[in-house]
Structures are given as structure tokens and as C-alpha cells.
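Each chain, letter by letter, is given below.
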Amino acid sequence: MSLLKVDRLSKSFGASRAVDGVSLEVQPGEIYGLLGPNGAGKTTSISMISGLLQPDAGEVLVAGHSFAADPQKAKRIMGVVPQELAIYEELSGRENLEFWGRIAGLSRNDARERTRELLAALTLTDRGNDPVKTYSGGMKRRINLGCALLHRPQLILLDEPTVGIDPQARQNILEFIGQLRATGTGILYTTHYLEEAENLCQRIGIIDHGRLLAEGTLPELQERLGGDRVFVMEANFENTAPDAWPGFRERFRIIQKSDRQLVVSAIGTRDPSDCLRELLSLPVRVENVTLKRPSLNDVFLQLTGRELRE
Amino acid sequence: MIGILLAKDLRRARRNPLPWMINLLVPLVMTALIGMVFGGHADSGSLGRIHFAVVDEDQSFLSKFLRGMGGQEQGSKYLDPVFMSRAEALREINANHLSAVLIIPTNFTSHYLQASAPVSLELIKNPAESIHPAVLEELLGALVTGLNGISRNFNSEFPVWQAALTNEVDYDQLATLVKHTGEKLKAAKTYLNPPLVVYETEAAATNQVAAGSTGTGTNSMAGIFGYLLVGLAAMFLLFIAGNAMADLHRELSLRTFPRYQTLQTATLPFLLAKIIYVMVVVLVCAAIMLGGGGLVFQIHWEHPLALMALTMGYAGFIATWFAVLVALLPDERRAAVLTNLSGMGLGLLGGCAFPPQQLPGFIRHYVMPWLPSHWFAETARNLQGGETTLAWTGVVLQLAAVSVGLAGVAIWLFRRRFNSGLRA
């Protein structure tokens, strides 16, 4: 049974459709990455799943039960880590953790004990009694994450938990999330960092303009572009129309085209050297060709026509 | 749950004491300022005796009579005149040792009695003081009105009186004069006491009610301070509550209120804890203002328990009112304007800042009765004025009912806002 099942979730703000029929599932012990640029609908989706926002349509099932039927029960199963630092800077890390533990329904003693465990797990025991306002960005992010874990949720919703922190702090958080997955926790992880999605997530959903464009494991998504064959050609493509070249459309799929660069993937299973030969025989003076494995960015490019970093 | 939330707010307040200290400082400064302006340190708890100089350049029997008035038993309770030359008096007032200087000019008496030329008394007020010189000016106005009245009615007899008092006294002539004047006064008595025609202003009528029919014997000046202090406290508590409720804005912008909602379905405990927190701030400030003010002015609060209950009801109203404003305008900067305007509106239109009788009739009749700030201030003033009925209990219940209603509105608004994607 899925820990989380989201079925055709939709939300509009006036004329703007923020989320349009998003469906996904998160299994126990799985990290599902929701990848998309800013404004794609990731946070709106998480807000609806966590009950902060009323969906216009669609249903959320948590551990097989409808969220709408018993929201409090669903909230006991979930832990939500918001994108912003939703912690009290005047209080210490320990006080923040204990407070959110009490709010999650733990007794005073349980909250204290769990806080001690989490401070150790987040390597913050030494600074636990200091006010959060004296923490570094990475330490604040870790406390922000810890505040959602007091009640040992089976399902964790992480909304871009590594935004704005240095690489080392990011690595610490990613390792901690990996440890959570190892305990059987299901995680819905939104991000716009390709590397995080590629390295951390078992399955990835690509979202843009509120629509889930594709989902699957990384190899499944790469397969959409022809497995491991993506060619980057450098030439003067100004005033050229590759689609009009004879036989080109049948053999190659254009991922991206600019005046100086053309990124294509091969259609079908052919030897890369054959593909290379075909590309060099095109009616354009090619200056350089690179063969590379398709990245999530290439998948995103192919799906949306623009780079994720744009 | 409410206890956990409230403990968190109090702990935060302890860690970041500046806003809290500012909240406490406002009533302290306000009370001290009023104390300085009104000179509320007098033993009687009243204005204190007005220390002023009389410069008698006339040196006549009338000027001696006027000089003597200040030293009478009644007058000496409030007036502390000293007699000196003009130069000395001006030196003293410049040194800020006097509230005012009253100058009785040369030939004042002769000109008055002969009606040969307009006469005037000269009053020099100390610009560094506001209340004492103003009171003295009012008293002088009453004296001038009296002198005018005497002049208009007894003008024909003035020369005889002057002759009788300034020259060698002819006792036969004086006896005739007294008899004649007595007959005139006797004839006027039926008109003067009681007067045949009277008029009554609404303000006077209301003040009479406020003063109460029981005649508690409360010092009238202390009554004025009580009246002023209650109104000013009602006004300032509005601003203090507005500042304290800004913490709810911060809970929204910090995203801690939405985070709470990811763990708990009910909005009520979070909002209720914040309302209680604001009420605590307001009540502490009210204790400083009313209690501290009472000590400074030596006001004896006639019904402390009733005043306490009223203040609690009022604190509930203003806390929930500002919670509604936060729900209406979650953006703190935009809401600050509305918070200040609504605080001023409730204070001014509710008749807190000055006597309600001074407000235009439309506001008095159609706006003020609907404002809880007016219910509080007016009921507290009436209590202090000696009202002994239990009308205040009704007002407390009214305030409590409005608070509950406003809390309900705030919860409903927040739910709506969250459902539609609230961003502070």
C-alpha cells in the first residue's frame, strides 16, 4: 500500500492554474523527487497534500485513508518541512524541537527524549541550548528539518530543504535524509536542483506550469531520450531548419536548438558511431560534436523546451 | 495546547524583551507625563495649591478686599497668594517660582466705583505651566463677572459707598446706605435664589449623573484625574494591544502559524493563545496605568473589582479586534496603518481621549453607543463618579460577548485565508 497517493490534484488562483491534475504515489522507504523550476507548482502541491491549502479537485490518500475524511489522523502520519525556516529564532534549538514535539502531541518527557535524539542525529547537541538566531544557515536548516520529525512520521514532505545553504551543509542534510529513507520512511522531496534529484531520489516526477510532465526512475526518464545517446553539436545554426533536412526527423529528436548549438538524441537503437557519421553528413559545417549521457536537464529540456536553470 | 503555546510566547518575550519593554514603557511614560503636567504630587491628590503673586498697585480698600479673598478658608485650600512688587513678581515668575502674577493697577478702585474709565486686572501667566495658570484665569474670569454684576446693579450707589469708605465715616449715612442696599438685595433675592429661569446643558446633566447622587465626598480634583486617566488608558491600551498583536503577523511571516497547521487541524488554540498573550500584555499595562496613576494622583478607585472586570472585558475586546485585523490584512506593513487608524478611531470616537460631550451630536448619538471603547470608558468613569448600580456587569458581559464574536470572525477569516493560500 502506498504511504501517499495523490490523485489528479488541481488548484487555481484566479485565472492562474497553479496545479493541474497532478497524480503521484510515494511508497515506504522511497524518496520521490518532485523536480521543477520555481513557480512550477511544487510548493502548492505540498501545501495541498499537507492540508494547508484546499484543493479545487483531486484526492489525497495517506496510508490508504482519505486526508479529507480524517485530517488529524493524516497529520499524525506526516511530517512537513516547509521551504522557509519556520522556527523561532529567539528560542534555542532544543526549545524549538521540544515545542514542535508538544504541538505534534508528544508528552513533555517524550518530547524531551526525542529532542535529545534528534539533536544528536543532526549533530547539534553542542549548540542545542543556544538561540537559533546565533546558528549558521545550515544549522537552522537542520533544526527546521528536525522540527518535523519529533513524532516519528512515516511520511515526510520536504519542500526544497537545501535552498540557500553551502555545499557541506547540503551534503549533511542529504545524508540525514538518506538515513531516514533507510528506516522505511517515505519521502516526497521537492527540489529544483538536478543533482539532488538524480543522486537522492528513487523516482522523479518532472513538473512545470502545474502539470506533471513525466515520472519514473532516472533510467526510465533517460530512456525517453534514447537511452545513453545525446549529441551536442556546435556549428552556425543561424537561419537553418534542421527539421527540413532530409531524413533528420526520422532519425533524431531535437532537444534544444540555439544559434551556436544543437542538442539531439537518437531515435531507435543504433550504434553511436553510426549516429555520429549521420550527424557529420548533415548540410551544415559542424565544428564539434560531443556524445554524452542524457541528464535530467536534457529530459526537462525535451519536455518543456527550456532548461531547468533558466 | 493553549498552555504550551502561551508558554512559548512568554519565553520568546523574555528572550526578546525590547518590544515588551516598549509596551511597558509607554504607560509608564504616559503616567509620568500626566503626573508632571498636572502636578499630581500634592498631598490632597488634587491639583495642589496655586502659587501666584498679587501686585497691589492700587492700595485701596477694594484691592485689599480682593487680596484678602485668597486668604479665606475656602480659597486657601486651593490658592497660595504672595504679595510683592511688580519687579519682584516678574523676577520670580521668570525664575519659574510662580504660576502667575495678578496685578491690580493704580486707580483700579476709583475708576471702578466712578465708572469713569474701563478698568482691567492684569494676569501674567507662567508659560512653562499649563494647568495652574489656566485655573487662575478661570477664577479671575468669575471674579470679573461678579464685579460687573455688582457694578451694573449698584452703580448708582457707588459714589456714596466710596465717600463713606474713603472719607470720614458718617455712621448715619452708612446705616442708610446699608439699609438701602439690603432692600435692593432682598428684592433681588427671589430672582437670584432660586433663579426663575434656568437652563441646563446636556454636558452638565451628564456630568451630574456621572457625579452620582450619593455624594461620595470624593475629592473633585481626584475625580477629574480618574476621569482623564480612564479615558487615556482606554486609548493607549488600544495601541499597546495593536503592537502586541503584531506578533501574530510575525507568526505568519515566519511561517510558524502555517507550520502549526501541518500538525494540528484546529486553528482555535493557536489564535486563542495569542489573544490571551495580548490580553496579558494589556492587563499588565492597564495595571501600571490605572494602578500607578492611582498612586501618583492618589486616586481612590471606588470599585476596584468592577474596574478590574471591565478592564479584562475590554482587554478581550481589543485583543480579538486586532486579531480580526491581522486576519483581514496579513501583511504587517499594510496592516500597521489600519491598526493605528482603528486604534485612533476607537479611542477618539469612543470618547476616550476627551469628554464625549465635546464630540459632534451625530457621533454621540449614532456612532459612540456602538463602540466597546466607549462602553468601557464611560462605565469606568461612571463607577468612579459614584455609580452604585450593577450596570457594569452588563457591560462586562457585552464586552465578553463581542470578544467571543470577534474571535469567531478571526478564526473564520484565517481558515478562509489558509484555504485560499495565505502568504503574509
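Look up: the structure comes first, before these words.
Figured I'd write up the structure that's included with this text. This is a predicted model, so every value here is computed, not measured.

**So, the pairing of strand E12 (residues 252–257) of chain A**
Residues and elements named next belong to chain A. Pairing of E12 with strand E13 (residues 261–266), which is carried by five bridges, proceeds in the antiparallel orientation. Among the inter-strand pairings, Gln-256 is bridged to a residue of E13, identified as Val-263. Hairpin geometry of E12 and E13 is characterised by an intervening segment of three residues between the two adjacent antiparallel strands.

**A word on the packing of helix H14 (residues 304–328) of chain B against helix H18 (residues 391–419) of chain B**
For any two helices packed against each other, the geometry comes down to the angle between their axes and how far apart the axes lie. Residues and elements named next belong to chain B. Where H14 contacts H18, the axes come no closer than 8 Å and their chain directions differ by 20 degrees. When the axes of H14 and H18 are compared, the pair comes out roughly parallel. Crossing geometry of H14 relative to H18 is assigned as left-handed. Of the residues contributing to the contact of H14 with H18, the split by class is 22 nonpolar, four polar and one charged.

**Brief notes about the interface of chain A and chain B**
With 31 residues of chain A at the contact, the number on the chain B side is 26 residues. Across the interface of chain A and chain B, roughly 2,700 Å² is buried in total on both sides, 57% from carbon and sulfur atoms. It is Leu-52, Glu-90 and Ile-103 of chain A in chain A that bury the most area against chain B; as a group they hold 24% of the surface buried on that side. Scanning the region where chain A abuts chain B turns up four salt bridges.

**Quick look at the nonpolar core**
In terms of nonpolar packing, the biggest core is built from 123 residues, with Ile-177 of chain A together with Leu-237, Phe-257, Leu-310, Tyr-314, Ile-318 and Phe-414 of chain B touching the most fellow members. When we break this core down by domain, the ones giving at least three residues each are domain 1 (4–221) and domain 2 (226–293) of chain A. Core analysis: the next-biggest nonpolar cluster, separate from the first, contains 27 residues, Leu-4, Val-19, Tyr-32 and Ala-63 of chain A among them.

**Some remarks on the packing of helix H3 (residues 93–103) of chain A against helix H4 (residues 108–121) of chain A**
Residues and elements named next belong to chain A. Where H3 contacts H4, the axes come no closer than 9 Å and their chain directions differ by 135 degrees. As the angle between them shows, H3 and H4 are arranged oblique. As H3 packs across H4, the resulting crossing turns out to be right-handed. For the pair formed by H3 and H4, the contact residues are Arg-94, Leu-97, Glu-98, Gly-101 and Arg-102 on the first element and Arg-108, Ala-111, Arg-112, Thr-115 and Leu-119 on the second. Residues of the contact of H3 with H4, tallied by class, amount to three nonpolar, two polar and five charged.

**Section: a nonpolar patch on the surface**
A cluster of nonpolar residues, Val-337, Leu-341, Met-344, Leu-348 and Phe-354 of chain B, forms a patch on the protein surface that exposes about 430 Å² of accessible area. Tracing the chain through its elements places Phe-354 of chain B in the loop between helix H15 (332–349) and helix H16 (361–367).

**Brief notes about empty space enclosed by the protein**
Per the stated rule, a full pass over the model turns up five cavities of 30 Å³ or more. The computed volume of the largest cavity comes to approximately 150 Å³. In terms of lining, the largest cavity is formed by 16 residues, of which the most central are Ser-47, Leu-52, Pro-82 and Asp-159 of chain A together with Arg-255 of chain B. Contributing elements (two or more residues each) for the lining of the largest cavity: helix H1 (42–49) and strand E6 (78–81) of chain A together with helix H12 (256–263) of chain B. Classifying every residue of the lining of the largest cavity gives six nonpolar, five polar and five charged.

**Comments concerning helix H5 (residues 137–146) of chain A**
Burial analysis of H5 of chain A places nine of its ten residues in the buried class, the great majority of the element. By the burial criterion, the buried members of H5 of chain A are Gly-138, Met-139, Lys-140, Arg-141, Arg-142, Ile-143, Asn-144, Leu-145 and Gly-146 of chain A. Buried positions along H5 of chain A lie against E6, H3, H4, strand E7 (155–159) and helix H6 (167–182) of chain A together with H12 of chain B.

Each value, and the rule that gives it
- Residues numbered from 1 in each chain as written.
- Chains lettered and ligands numbered in written order.
- Predicted model: local features only at pLDDT ≥ 70, side-chain atom pairs only at ≥ 80, totals over all residues.
- Heavy atoms only, no water.
- Pairing = 2+ DSSP bridges.
- Helix = DSSP H or I, 4+ residues; strand = E, 2+ residues; numbered from the N terminus.
- Axes fitted to C-alpha atoms, helices over the stretch in contact; angles between N-to-C directions.
- Parallel < 35°, antiparallel > 145°, perpendicular 65-115°, else oblique.
- Left-handed = near helix turned anticlockwise from the far one by under 90°.
- Nonpolar A, V, L, I, M, F, W, Y, C, P; charged D, E, K, R; others polar.
- Contact = heavy atoms within 4.5 Å.
- Buried area = accessible area lost by both parts, 1.4 Å probe.
- Salt bridge = Lys/Arg side-chain N within 4 Å of Asp/Glu carboxyl O.
- Core = buried A, V, L, I, M, F, W, Y, C linked by side-chain atoms within 4.5 Å.
- Buried < 20%, exposed > 50% of the residue type's maximum accessible area, 1.4 Å probe, protein only.
- Domains from an automatic or database assignment.
- Patch = residues over 30% accessible without salt bridge, like charges linked within 9 Å, V, L, I, M, F, W, Y side chains within 5 Å.
- Areas by Shrake-Rupley, 256 points an atom, 1.4 Å probe, with all protein chains shown as cover.
- 1 Å grid on protein atoms, 1.4 Å probe; cavity = no way out; pocket = protein on both sides within 12 Å on 5 of 7 lines; lining within 4 Å.
- Points joined across faces, edges and corners; volume = space filled by probe spheres on them.

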